[in-house]
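Structural characterization, general
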Amino acid sequence: MRWRCRRGMLELDIVLLRFMDAHYEQLDEQQHELFEALLTYPDHDLWNMIARNTGVPDEAFRPILRLLQEN
């Protein structure tokens with residue numbers, strides 16, 4: 001999973017790897033699936049969700065995005 005967190009944007013690399021270090025192990029299976037689904041978004045779309053520059057396509061992502069925004 002850490003390898004999938006390596007992206008084309010340095011900002012995303014930093015946020016996603018910090019998330020992996022701080023939160024990933026504590027997530028349940030459903031949250032792991034949601035995180036993996038977020039990783040399917042293109043870099044700019046994912047960054048805009050994390051940076052709160054755009055709306056969230058699915059409300060189920062909000063708890064994971066909050067954790068990502070803490071980092």
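Please read these numbers as outputs of a predicted model, since none were measured by experiment.

What counts and how
- Residues numbered from 1 in each chain as written.
- Predicted model: local features only at pLDDT ≥ 70, side-chain atom pairs only at ≥ 80, totals over all residues.
- Heavy atoms only, no water.
- Helix = DSSP H or I, 4+ residues; strand = E, 2+ residues; numbered from the N terminus.
- Expected span 1.5 Å × (residues − 1).
- Contact = heavy atoms within 4.5 Å.
- Salt bridge = Lys/Arg side-chain N within 4 Å of Asp/Glu carboxyl O.
- Buried < 20%, exposed > 50% of the residue type's maximum accessible area, 1.4 Å probe, protein only.

**Some remarks on helix H1 (residues 10-22)**
Here H1 spans 18 Å end to end across 13 residues, near enough to the 18 Å set by a 1.5 Å rise per residue. Buried residues belonging to H1 abut helix H2 (29-38), helix H3 (43-50) and helix H4 (62-70).

**A look at the pattern of salt bridges**
A side chain with one charge may pair with a side chain of the opposite charge, provided their charged atoms come close. Tallied over the entire structure, the rule returns three salt bridges. We note a salt bridge from arginine 7 to aspartate 43, for which the minimum N-O separation is 2.7 Å. Here aspartate 43 lies in helix H3 and arginine 7 lies in the segment before H1, a separation of 36 residues in the sequence. Aspartate 43 matches arginine 7 in its accessibility class, with the two residues each being buried. The partner of glutamate 59 in a salt bridge is arginine 62, and the shortest N-O contact between them spans 2.7 Å.

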